[in-house]
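# Structure at a glance
Next come the chains, spelled out residue by residue.
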Amino acid sequence: MRKWMVIFSLVFFMVGSQQAFAQQGYQKYGRIATAVVKEDYTGEKLADYKYDGRKTLAGGKIEDAFTFDVMKDGKEVSVKVRIVHNPAKPNDLSISVNESQ
């Protein structure tokens, strides 16, 4: 019985730490996306972003997607930011920014 309690505790701890790591990971890329949008839309009103989710791509790459609502020339536009990164190469990022009305 004691053996099962130890195994259950270990599994519970591992699952909890993975969730915390995943949340911390997308927040890092959220800060990067925010910096890019602030740079592209200097002086414009920027609302908080919405995290659209994470996709696993070929070659071990991961894509995190974000949506920002920005006021541009008195009109609200939606700005989509996608950041593709590889956990094995943390400094290798690909960032795309697309605007839609």
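My aim in this report is to walk through the structure given alongside it, one point at a time.

### Quick word on the pairing of strand E2 (residues 62-72)
Of all 11 residues making up E2, 8 are buried, and the element is well covered by its neighbours. Looking at chain direction, strand E1 (residues 50-56) and E2 are connected through 6 bridges and run antiparallel. For Arg-54, the partnering residue across the bridge sits in E2 and is Asp-64. Here E1 folds back onto E2, and the loop between the two strands holds 5 residues, one of which, Gly-59, carries a positive phi near 75 degrees. In this structure, E2 lies alongside strand E3 (residues 75-86), joined through 11 bridges in antiparallel fashion. Note on E3: the bridge partner recorded for Val-70 is Val-77. Where E2 folds back on E3, the antiparallel hairpin that results is connected by 2 residues, among which Asp-73 adopts a positive phi of roughly 55 degrees.

Thresholds, definitions, all that
Residues numbered from 1 in each chain as written. Predicted model: local features only at pLDDT ≥ 70, side-chain atom pairs only at ≥ 80, totals over all residues. Heavy atoms only, no water. Buried < 20%, exposed > 50% of the residue type's maximum accessible area, 1.4 Å probe, protein only. Helix = DSSP H or I, 4+ residues; strand = E, 2+ residues; numbered from the N terminus. Pairing = 2+ DSSP bridges.

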